[in-house]
Amino acid sequence: MKIFNVLLFFLLLASPAIVLADTINVNSIDALQSAINKAKPGDVIVLADGVYPAATDIVIDRKGTKDAPITIAAQTAGGAEISGAGGFSVVSPAKYVIIRGFKFTSTSKRTKTGGGTSFCRFTQNIFETSGEGEDLTIAGSDHEIDYNTFQNKNALGRMLAIRGTGKQIAERLHIHHNYFQNYTSQGGKNGAETLQFGLSGFSMSSSNSIVEYNLFERCEGEDELISVKASAVTLRYNTIRDCKAQFTLRHGNHSQVYGNYFFNTPGLRFFGDDHVIYSNYFEGCGEALYIGNGDGEVADGSPLVCHDRPDRILVAFNTMVNNKENIVQRKRDKGLGATYISIEYNIIQGGKSAADISGPFVNSEWKGNILFNVGDAGNMPADGYTTVDPKLIKTASGAYHLQAGSPAIDNAKGNYPMINFDMDGQLRTAPLDIGADEVSNAVVLTHILYPAEVGYNAKH
């Protein structure tokens, strides 16, 4: 034993990076803050189940490492409730910190990560804060927000708000498998988005973040459900069901929106430039795709807060079934409309007009779309579509897919290097199928999401 202890002593001297981690059990806010203040890489701090009124914020400024993060956890998921006037405030230089399993019923605006923080994670938490303000605000970069439940909000503020530093939006975030539910209407007031990704002042900066596999149900806060006000954001494989607010690319450029499922919602609206919108599925929506009618052009000096005219947008390989309206653009007084919008190889089945365009629509391209059982083609030019039964059938997944013998199979012409996946997450291979579904024997990687698959108590 003495020899072992001597060897261990010299090993620790020779390897200063080796730190012996501890598990620290606490049962009060004061003890929790004290443990956080002393935390070192690899430590796990566990707060016993119970209700803990916090008079002030619990401040986290410690640094873990990639291989030895600092974990601050509830004893059981949702079992330790943080109430009162304070939340978790993660401040610089915090890094590699995991916050897991808490229920936040405290005052809104308190739980957040600040600029200069990085590689932190909120996972398996419940957010049900009180009063006006955000449930969770994220600044700093490389954070992960996953398997949380945001619910029952009835005041102005966002369930999840993404911010940045200066003019730079937070970068390389991964937001996935969260459950957003029950945000009641705020009477048409602005500032009640369920997820707001950025602000106009951040909109020209690129985030290179991914928002995927999230479920939104019964959220109405305001007209915008998801509001993206940043550039280079990928939003994919999310399910939006029974919401009365719209998924909007409000400010910014170069975002990708694909593989999302929309049911009984106002659909997807976009402004800005150079977005790619593909392989999305819309069923029973008030409108499926809403092309913004710009009132300014940021590239020509219009203010960032304007409705930037949509330019060079590809809307392709989407499926729209039994929506009240399909592709629309509303009137705007002195509206600039949209330019170079490509509407290609979509399937539109059911609804009124296939396209109702009420603004300037300069240099648009319509190609290869399939229409079936629509009221009329509307403003879609005759050479932009074929009227034929696409042979869609609702499968056990709950969505309509192509059947064998469909005229949509292998009938898309041209090269689309940016169209990589279908609505099932399967790789698209040339010649491509028209619509959101690519007939394939590959493993189905994504599907319509349900509550058991997301949120704080999901199995994963």
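Report on the accompanying structure. (Residues numbered from 1 in each chain as written. Predicted model: local features only at pLDDT ≥ 70, side-chain atom pairs only at ≥ 80, totals over all residues. Heavy atoms only, no water.)

1. Thoughts on empty space enclosed by the protein
Empty space among the atoms becomes apparent when a probe as large as a water molecule is rolled across them. All told, the structure shown has one cavity of 30 Å³ or more when counted by the stated rule. Considered as a void within the structure, the largest cavity measures approximately 30 Å³ in volume. Around the largest cavity sit Ser203, Met204, His251, Gly252, Val298, Leu304, Cys306 and Asp308, which together line it. Here the residues of the lining of the largest cavity sort into four nonpolar, three polar and one charged. (1 Å grid on protein atoms, 1.4 Å probe; cavity = no way out; pocket = protein on both sides within 12 Å on 5 of 7 lines; lining within 4 Å. Points joined across faces, edges and corners; volume = space filled by probe spheres on them. Nonpolar A, V, L, I, M, F, W, Y, C, P; charged D, E, K, R; others polar.)

2. Here's the deal with unusual backbone geometry
A cis amide bond links serine 92 with the next residue in sequence, proline 93, at an omega value of 10 degrees. Within the secondary structure, proline 93 sits in the loop between β7 (88–90) and β8 (97–100). Put simply, alanine 430 and proline 431 share a cis peptide bond, and its omega is -5 degrees. With phi around 60 degrees, alanine 232 is a residue other than glycine that occupies positive phi space. Mapped onto the fold, alanine 232 is located in strand β25 (residues 231–236). Taking relative accessible area as the criterion, alanine 232 reaches 15% and is therefore assigned buried. Positive phi, normally seen in glycine, also occurs at asparagine 363, with a value near 55 degrees. Within the secondary structure, asparagine 363 sits in the loop between β40 (361–362) and β41 (365–367). (Helix = DSSP H or I, 4+ residues; strand = E, 2+ residues; numbered from the N terminus. Buried < 20%, exposed > 50% of the residue type's maximum accessible area, 1.4 Å probe, protein only.)

3. So, the nonpolar core
The biggest cluster of nonpolar side chains holds 86 residues, and the ones touching the most others in it are Ile72, Phe102 and Ile162. Per-element accounting of this core gives the leading share, four residues, to helix α2 (residues 29–38). Formed by 32 residues, the second largest nonpolar core is a distinct cluster that contains Phe317, Tyr345, Ile347 and Ile370. (Core = buried A, V, L, I, M, F, W, Y, C linked by side-chain atoms within 4.5 Å.)

4. Describing the packing of aromatic side chains
Evaluated as defined, the whole model comprises 22 aromatic pairs. For the ring pair phenylalanine 247 and phenylalanine 262, a centre distance of 5.8 Å and an interplane angle of 45 degrees mean the geometry is tilted. Of the two residues, phenylalanine 247 sits in strand β27 (residues 246–251) while phenylalanine 262 sits in strand β29 (residues 261–263), which places them 15 residues apart along the sequence. For phenylalanine 247, a relative accessible area of 1% puts it in the buried group. (Phe/Tyr/Trp six-rings, centres within 6.5 Å; stacked < 30°, edge-to-face > 60°.)

5. A look at the side chain of serine 255
Relative to the helices and strands, serine 255 resides in the loop between β27 and β28 (256–258). Taking relative accessible area as the criterion, serine 255 reaches 1% and is therefore assigned buried. Contacts of serine 255, omitting those with residues within four sequence positions, involve Ala230, Ser231, Ala232, Val233, Leu249, Asp274, His275 and Val276. (Contact = heavy atoms within 4.5 Å.)

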